[in-house]
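Spelled out from the first residue to the last, the chains are:
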Amino acid sequence: MNDPRRVIISKQHPASYKALIILSQEVEESAAAAGLGPLLIELPKIRASQINGCAFCLRMHTRDALKKGENPDRIAVLPGWEETGCFSETERAALRLTEAVTRVSDGHVSDEDYNAAAALLTEDQISAVSWLAILMNAFNRVAVTSRYPVNG
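Residues numbered from 1 in each chain as written. Predicted model: local features only at pLDDT ≥ 70, side-chain atom pairs only at ≥ 80, totals over all residues. Heavy atoms only, no water.

Chemist: Give me the lowdown on the packing of helix H4 (residues 55–67) against helix H8 (residues 123–146), citing residues and values where you can.
Modeler: At a closest axis distance of 8 Å, the pairing of H4 and H8 adopts a crossing angle of 125°. Considered as vectors, H4 and H8 are oriented oblique to each other. Residue-level inspection shows Phe-56, Cys-57 and His-61 of H4 in contact with H8, the latter providing Met-136, Phe-139, Asn-140 and Ala-143. For the contact of H4 with H8, a count of residues per class yields five nonpolar, two polar and no charged. (Axes fitted to C-alpha atoms, helices over the stretch in contact; angles between N-to-C directions. Helix = DSSP H or I, 4+ residues; strand = E, 2+ residues; numbered from the N terminus. Parallel < 35°, antiparallel > 145°, perpendicular 65-115°, else oblique. Contact = heavy atoms within 4.5 Å. Nonpolar A, V, L, I, M, F, W, Y, C, P; charged D, E, K, R; others polar.)

Next comes the structure, spelled out in structure tokens:
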């Protein structure tokens, strides 16, 4: 799967990748300051990575979530979060917004999706979840474009 001629863009332009890492730290701090708990910070990362098919980020953030106490059953049903009773209303609002941001090319972030999030999340939380989704989409694209290896 990994073409040896494929450029690893994070290594080709390390300063750009470092800036993304610094942004990641800022986004995490902002999310925590907005009142998002550690698991609610990881769920959007995992969900965006599922949508984008980024195995590298999926493995990383699933492991991070498990270390932070996430239930493996919730991770297993995350792609079908709308059909389960496993997630709180706040988590559901964050997941819906994450999906809308991730799928922005499918019709932008609709008023319906935004308003559903706004009914349950504060402005700081809406911003934090949006930044988490934006950041994960960037990381997913780096890993997928470069075909970061994922082995057993």
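Chemist: Tell me about unusual backbone geometry, and name the residues and values.
Modeler: Non-glycine residue His-108 carries a positive phi angle of around 70°. Here His-108 lies in the loop between helix H6 (89–102) and helix H7 (111–118). Of note, Arg-147 is a non-glycine position whose phi angle comes to about 55°, a positive value. Counting through the fold element by element, Arg-147 comes out in the segment after H8.

Chemist: Any details on the packing of aromatic side chains? Residues and values, ideally.
Modeler: Overall, the coordinates contain two aromatic pairs when judged by the stated rule. Aromatic side chains Tyr-17 and Phe-139 sit 6.0 Å apart centroid to centroid with 80° between the ring planes, which places their arrangement in the edge-to-face category. Taken together, the residues span a long stretch of sequence, with Tyr-17 in helix H2 (residues 14–33) and Phe-139 in helix H8 at a distance of 122 residues. A relative accessible area of 12% means that Phe-139 is categorised as buried. With a centroid separation of 4.9 Å and an interplanar angle of 85°, the aromatic rings of Phe-56 and Tyr-148 are classed as edge-to-face. (Phe/Tyr/Trp six-rings, centres within 6.5 Å; stacked < 30°, edge-to-face > 60°. Buried < 20%, exposed > 50% of the residue type's maximum accessible area, 1.4 Å probe, protein only.)

Chemist: Break down the side chain of Ser-10 for me, citing the residues and quoting the values.
Modeler: With respect to the element layout, Ser-10 can be found in helix H1 (residues 9–12). One polar contact links Ser-10 to Tyr-148, side chain to side chain, over a distance of 2.6 Å. When residues no more than four places from it in sequence are discounted, the contact partners of Ser-10 are Tyr-17, Val-142 and Tyr-148. (Polar contact = N/O pair within 3.5 Å; in protein donor to acceptor, adjacent residues only side chain to side chain.)

Chemist: Got a sec to walk through the state of the cysteines? Specific residues and values, please.
Modeler: For the structure shown, the criterion picks out zero disulfides. Free of any disulfide, Cys-54 has its nearest cysteine sulfur in Cys-57, 3.5 Å distant. (Disulfide = S-S within 2.5 Å.)

Chemist: Outline the pattern of salt bridges, supporting the account with residue identities and numerical values.
Modeler: Under the counting rule described, the total for this entry stands at ten salt bridges. The partner of Glu-112 in a salt bridge is Arg-96, and the shortest N-O contact between them spans 3.2 Å. Here Glu-112 is found in helix H7, whereas its partner Arg-96 is found in helix H6, with 16 residues between them in sequence. The residue Arg-96 makes a salt bridge to Asp-113 at a minimum N-O spacing of 2.7 Å. Separated by 17 residues along the polypeptide, Arg-96 in helix H6 and Asp-113 in helix H7 bring together distant segments of the chain. Arg-96 gets classed as partly exposed once you look at its relative accessible area, which sits at 23%. Counted as one network, the salt bridges with shared partners bring together Glu-28, Glu-42, Lys-45 and Lys-68. (Salt bridge = Lys/Arg side-chain N within 4 Å of Asp/Glu carboxyl O.)

Geometric values such as these leave the question of function open.
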